Amino acid sequence: MSQFLSDAFLPHVPTFIQLFYLLAMSLFIFGIKKLSSPATARSGNQMAAMGMLLGVAVTLFDQEILTFEFIIAGMAVGGILGFFAARSVAMTAMPEMVAIFNGFGGGASALVAWGEFSRADISLWAGQDLATAGLGIMIGSLTFTGSFIAFGKLQGFISGRPVTFPGQNYFNLLLTGVILILVGWFVTDPSNLTIFWSIFGLSLLLGVFTVLPIGGADMPVVISLLNSYSGLAASMAGFVISNNLLIISGALVGAAGLILTNIMCKAMNRTLGNVLFGAFGGGGEARAAEETGGKSVNKTTADDVAIQCSYADKVVIVPGYGLAVAQAQHILKEVAGMLEKKGVTVKYGIHPVAGRMPGHMNVLLAEADVPYDQLYDMDQINPEFKSTDVVLVIGANDVVNPAAKTSPGSPIYGMPILDVEQARRSIVFKRSLSPGFAGIDNELFYADDNQMFFGDAKQSLQDLAVAIKELE
Amino acid sequence: MESLIFNLFIFVLASFVGFELISKVPPTLHTPLMSGANAISGITVIGAVVVAGSVDTGYAQWIGLAAIIFATINVVGGFLVTDRMLEMFKKKEGNQ
């Protein structure tokens, strides 16, 4: 694009490009800042998108760029694919979508490092350039394959169970070590293409072997971590081509991924090491179901639930992923609306890992037109349970299990939960007494103040809606 | 070597900014945050553009092309899907 500019202006182009990069970076930062409230979040995202557009647009004026056919073709293909993927994906499939996009991002970073390596005169490269190129290829490649394995596990193409073999963790550690040594070797002998290809190949393998042993339920953590990696990969690519915008944006994303990974691990009461190397999931389920023997539960009916809710002052709804599986968000919203018309205060209490990734349940409820000011985080809603008349627990289980606070032997002991048992009455909508994801029996079901409303979540809510109507 | 050190400073400072900014995002918005941040990581498209647009280097162009396709999927898809999600977040009054 620089050929369209006047000769007098040409020497200043690099400066202007940098200034626009500065602007693009500011847009990213302001964009993320605006994500701190649902009211401004959408414009924040659009701001970040503008920053991206600006960054790409001014890059076209880079004097190194002489042909545009490949650029236009690539953007057209990628843009169309991205557009249709983003438009057609179901909100429940968001973890898969993020995994795929992330895989492509990591792959792109690896390709940039490779392309830069093969087009440039590497005899001019300093050791640091080679090192960052090597690391960029490593991180980008393992993000690429790791993300697609994670996608396969979430989709069920690949078994969600941990796939392990003896000594797997040591093998992965060894593989990581070997790749790092190869990167070091590559710095001293960049013309040796065998080393270069080995870094590429082994890193792709490492991505596969790192994610395969992790259980399907932990995939969101993995995706978040890989998201952080793809940020790092972008930063590395930025080091290679000395581009501050890439370095900064990559660092922002890297930080975002790490924070979210940390939040998820805390909410699940696990350490990152345990997620990555623990091969959690599978086994253990059989044991819990048998223990339910001697204890009895209070069963309830739609009419009874309708009466209790209609005459309550405050009702808190605790939704879990089971609600989304049953596609019952819309009917739930209707029931909540009917109760509000009767003057009942309705709030939703949402656990950080409700749904399949942090904040997923909020998106699913937003899709059903539940206003976000009715959605309360765990820390906001927990103090309110004491003054709550009725809690409706729908499709959630482990996140309301008091064993997390009371029985030190339990696998979920220490996990932060919603203090549903403090409410005057809790009603659990559930198909049966079967244990949840973690495979642990739930004491809440047998509590005196708790009632069980057995059945499919959607059907139960429809019955409840009818029953509430009949009260009028 | 100075440029490496300089770049490292930028990297570390930006990481701190990232931590500060992102720890203020409420849990309600964590899914859109994840997909939005993911879209930003597609910034690598800028590197891809430079690689694909520089001539006379046969196969590097094809690598660049693949990189552009990958990164554009990441960027366009990421921002659009985030927008789709955030569009649904509505306040009570704005409803109906």
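Rules and cut-offs
- Residues numbered from 1 in each chain as written.
- Chains lettered and ligands numbered in written order.
- Predicted model: local features only at pLDDT ≥ 70, side-chain atom pairs only at ≥ 80, totals over all residues.
- Helix = DSSP H or I, 4+ residues; strand = E, 2+ residues; numbered from the N terminus.
- Buried ≥ 20, exposed ≤ 12 C-beta atoms within 10 Å, placed from the backbone.
- Contact = placed C-beta atoms within 7 Å.
- Nonpolar A, V, L, I, M, F, W, Y, C, P; charged D, E, K, R; others polar.
- Pairing = 2+ DSSP bridges.
- Axes fitted to C-alpha atoms, helices over the stretch in contact; angles between N-to-C directions.
- Parallel < 35°, antiparallel > 145°, perpendicular 65-115°, else oblique.
- Left-handed = near helix turned anticlockwise from the far one by under 90°.
- Core = buried A, V, L, I, M, F, W, Y, C linked by C-beta atoms within 7 Å.
- Expected span 1.5 Å × (residues − 1).

### Description of the overall build of chain B
Part 1 of the reasoning: Within chain B one finds four helices and zero strands.
Part 2 of the reasoning: Starting at the N terminus and walking to the C terminus, you meet the elements of chain B as α-α-α-α.
Part 3 of the reasoning: Considered along the principal axes of its C-alpha atoms, chain B spans approximately 60 × 35 × 15 Å.
Part 4 of the reasoning: Counting only residues that meet the buried cut, chain B has 62% of its 96 residues in that class.
Part 5 of the reasoning: Restricting to contacts in chain B with at least 6 residues of sequence separation, those with at least 24 account for 59%.

### Describing the overall build of chain A
Part 1 of the reasoning: Along its length, chain A carries 18 helices and six strands.
Part 2 of the reasoning: Taking the principal axes of the C-alpha coordinates as reference, chain A spans close to 80 × 55 × 35 Å.
Part 3 of the reasoning: Counting across all 472 residues of chain A, residues that qualify as buried make up 52%.
Part 4 of the reasoning: For chain A, long-range pairs separated by at least 24 residues make up 78% of all intrachain contacts whose partners lie at least 6 apart in sequence.

### Things to note about the environment of A:K266
Part 1 of the reasoning: Its place among the elements puts A:K266 in helix α9 (residues 244-267).
Part 2 of the reasoning: Counting along the chain gives 28 residues from A:K266 to A:G238, while the straight-line C-alpha distance between them is 32 Å.

### Focus: the interface of chain A and chain B
Part 1 of the reasoning: Across the boundary between the two partners, chain A contributes 101 residues, which contact 80 residues of chain B.
Part 2 of the reasoning: Counting only elements with at least two residues in the side of chain A that touches chain B, the list comes to α1 (13-34), α2 (38-59), α3 (69-88), α4 (94-119), α8 (219-240), α9, α15 (360-367) and β3 (375-377) of chain A.
Part 3 of the reasoning: Here the side of chain A that touches chain B is composed, by residue class, of 57 nonpolar, 33 polar and 11 charged.

### Notes on the sheet that holds strand β1 (residues 314-319) of chain A
Residues and elements named next belong to chain A.
Part 1 of the reasoning: Strand order in this open sheet of six strands is β3-β2-β1-β4-β5-β6, and the pairing throughout is parallel. Looking along the sheet, the strands with just one partner apiece sit at the ends: β3 and β6 (450-454). Averaged over all adjacent pairs, the angle separating strand axes in this sheet is 25°, with direction ignored.
Part 2 of the reasoning: Where strand β5 (residues 425-430) lies against β6, five bridges are found, and the strand directions are parallel. Across the sheet, residue S426 finds its bridge partner in β6, namely N450.
Part 3 of the reasoning: Where α15 meets the sheet, its contacts fall on β1, β2 (345-350) and β3, and the angle it forms with β2 comes to roughly 140°.

### Regarding the packing of helix α5 (residues 127-155) of chain A against helix α6 (residues 168-188) of chain A
Residues and elements named next belong to chain A.
Part 1 of the reasoning: Packing of α5 against α6 leaves a shortest axis separation of 8 Å and a crossing angle of 150°. In terms of axis orientation, α5 runs roughly antiparallel to α6. As α5 runs across α6, the sense of the crossing is right-handed. Counting all contacts with α5, which are made through G127, L130, A131, G134, L135 and M138, the residues of α6 involved are I179, V183, F186 and V187.
Part 2 of the reasoning: Among the residues making up the contact of α5 with α6, the classes are represented as eight nonpolar, two polar and no charged.

### Overview of unusual backbone geometry
All names here are of chain A.
Part 1 of the reasoning: One non-glycine residue, S242, lies in positive phi territory at about 50°.
Part 2 of the reasoning: In this fold, S242 is placed in the loop between α8 and α9.
Part 3 of the reasoning: C-beta crowding within 10 Å serves as the criterion here: with 14 such atoms nearby, S242 is assigned to the partly exposed category.
Part 4 of the reasoning: A positive phi angle, near 70°, is found at D369, a position not held by glycine.
Part 5 of the reasoning: Its location among the elements puts D369 in the loop between α15 and β3.

### Section: the nonpolar core
Nonpolar side chains tend to gather and get buried jointly when the protein is soluble and globular.
Part 1 of the reasoning: Counting residues in hydrophobic clusters, the biggest one holds 196 residues, and the most contacted among them are A:V318, A:V393, B:A48, B:A67 and B:I68.
Part 2 of the reasoning: For this core, the leading source of residues is helix α4 (residues 58-88) of chain B, giving 17 residues.

### With respect to α1(A)
Part 1 of the reasoning: Over its 22 residues, α1(A) runs 31 Å from end to end, which matches the ideal 32 Å to within 8%, given 1.5 Å per residue.
Part 2 of the reasoning: Looking at α1(A), one finds that the buried residues are A:I17, A:Y21, A:A24, A:M25, A:L27, A:F28, A:I29, A:G31 and A:I32.

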